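Examination of the molecular architecture
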Amino acid sequence: MATTGQNIDTLFLEERRYPPSAEFAAQANAQPSIYEEDFEAFWAREGTERVSWFEPFTKLYEWELPYAKWYLGGKLNVSYNCVDRHVEAGLGTRVAYHWEGEPEGDRREITYADLQKEVVAFANALKELGVKKGTAVAIYMGMIPELPIAMLACTRLGAPHTVVFGGFSADSLSGRVNDMGCEVVITQDEAWRRGTTVALKKIADEAMKDSPGIKKCLVVRRTGNEVPMTEGRDHWYHDVRGSDDPASCPPEPMDAEDLLFLMYTSGTTAKPKGIAHTTGGYLVGVSSTHRYIFDIKPEQDVFWCAADIGWITGHSYIVYGPLCNATTSVMYEGTPDFPDKDRWWSIVQRYG
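These notes cover the structure that comes with them.

**A closer look at unusual backbone geometry**
Following leucine 65, the chain continues to proline 66 via a peptide bond in cis, the omega torsion being 5°. Its place among the elements puts proline 66 in the loop between strand E3 (59-64) and strand E4 (67-72). Even without being glycine, aspartate 295 reaches a positive phi, approximately 55°. Mapped onto the elements of the fold, aspartate 295 is located in the loop between helix H9 (279-293) and strand E18 (302-304). Residue class for aspartate 295 comes out buried when judged on its relative accessible area of 17%.

Structure follows, in structure tokens:
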């Protein structure tokens, strides 16, 4: 490209096209008919087909720029949509996650029935610590199965969460905790990252020194190494793990516009800003885009998004979108960088 004053001249224009075969196009989830619908009809249909409602929405949206509200009057629960309804539909034996730990050979396979039990048990542990509908929770963890389990446990109780990337500092964690008004931090003893351990609990302790609103800290054991524990505030998850009977912790009905989570901007140019994601519109949006954009067929496909759950891509396409669609996903504890390319290829071969 070359610039002439304020104009940009195109020196090379790529016009080659590579259309899919007719056979491939015919089996795609996104068919031309979706473009024939107006956006209201499209999102009304998607809201009905992608998500199960405890109470149906009565109004599609209100749009008073810059504010929008979606699926007004509807009540639903995210953990029910991502887990329980699939088990009820007879999909309990389908794998939800093939988890690959960073120390090679450390693997777990979690079915939807397993996931339901783990989410319920985690939610009951949070209830034991005083978490209820409206309690703000911060999650500071690595890429282990207990991270999406903790997120789903919060959604089951109606507790809005913020996930803070496990590579962020104590200051970054405390800033987000204080801004959201979190009362509980969920973390782990240590995390694996690039072949070494990261002292997440110690970093969380530093953050909690500057977070007076924190009442409890729930700690998941990962490496098994010793970490400091503050009596009365800190609790090992395995000590307070609750009943895994779904009847012991039914999903809380949430209004479509209730806060699901806050995702904070990185803070590289200014103070991090919390972006609110509400329950109904977000869940419909990510389940729809996951289905159409990635063309996922849950009955036959295994999906792998290599992002970290600490970022919005991970929220949407490792946790909420794939699970809402009853998809089997790969979850990887390692970092998505080129030095791991051989390990990446081995994982692709294993599940592809």
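**Focus on the packing of aromatic side chains**
For any two aromatic rings, the description comes down to two numbers: the centre-to-centre distance and the angle of the planes. For the structure on display, the rule yields 22 aromatic pairs. Relative to phenylalanine 57, the ring of tryptophan 53 has its centre 5.4 Å away and its plane inclined at 65°; by these criteria the two rings are edge-to-face. Comparing tryptophan 53 with phenylalanine 57, the two get one shared label, buried. Taking the centre distance of 6.0 Å and the plane angle of 85° together, the rings of tyrosine 282 and tyrosine 320 count as edge-to-face. Placement of the pair is tyrosine 282 in helix H9 and tyrosine 320 in helix H10 (residues 312-324), with a sequence separation of 38 residues. Following the ring pairs from residue to residue traces out a cluster consisting of Phe39, Trp53, Phe57, Tyr61, Trp63, Trp70 and Tyr71. The ring of tryptophan 236 carries arginine 221 above its face, with NZ or CZ at 4.2 Å from the centroid.

**Remarks on the pairing of strand E13 (residues 216-220)**
Every other side chain in a regular strand lies on the same face of the sheet, so the side chains alternate between the two faces. The element E13 is extensively covered by neighbouring structure, given that four of its five residues are classed as buried. Looking at chain direction, strand E10 (residues 184-188) and E13 are connected through five bridges and run parallel. Across the sheet, the residue bridging to glutamine 188 is valine 220, located in E13. Judged from the three bridges that link them, E13 and strand E14 (residues 234-236) form a sheet pairing that is parallel. Residue pairing across strands places cysteine 217 opposite aspartate 234, the latter belonging to E14.

Definitions and limits used
Residues numbered from 1 in each chain as written. Predicted model: local features only at pLDDT ≥ 70, side-chain atom pairs only at ≥ 80, totals over all residues. Heavy atoms only, no water. Helix = DSSP H or I, 4+ residues; strand = E, 2+ residues; numbered from the N terminus. Buried < 20%, exposed > 50% of the residue type's maximum accessible area, 1.4 Å probe, protein only. Phe/Tyr/Trp six-rings, centres within 6.5 Å; stacked < 30°, edge-to-face > 60°. Lys NZ or Arg CZ within 6 Å of the ring centre and 35° of its normal. Pairing = 2+ DSSP bridges.

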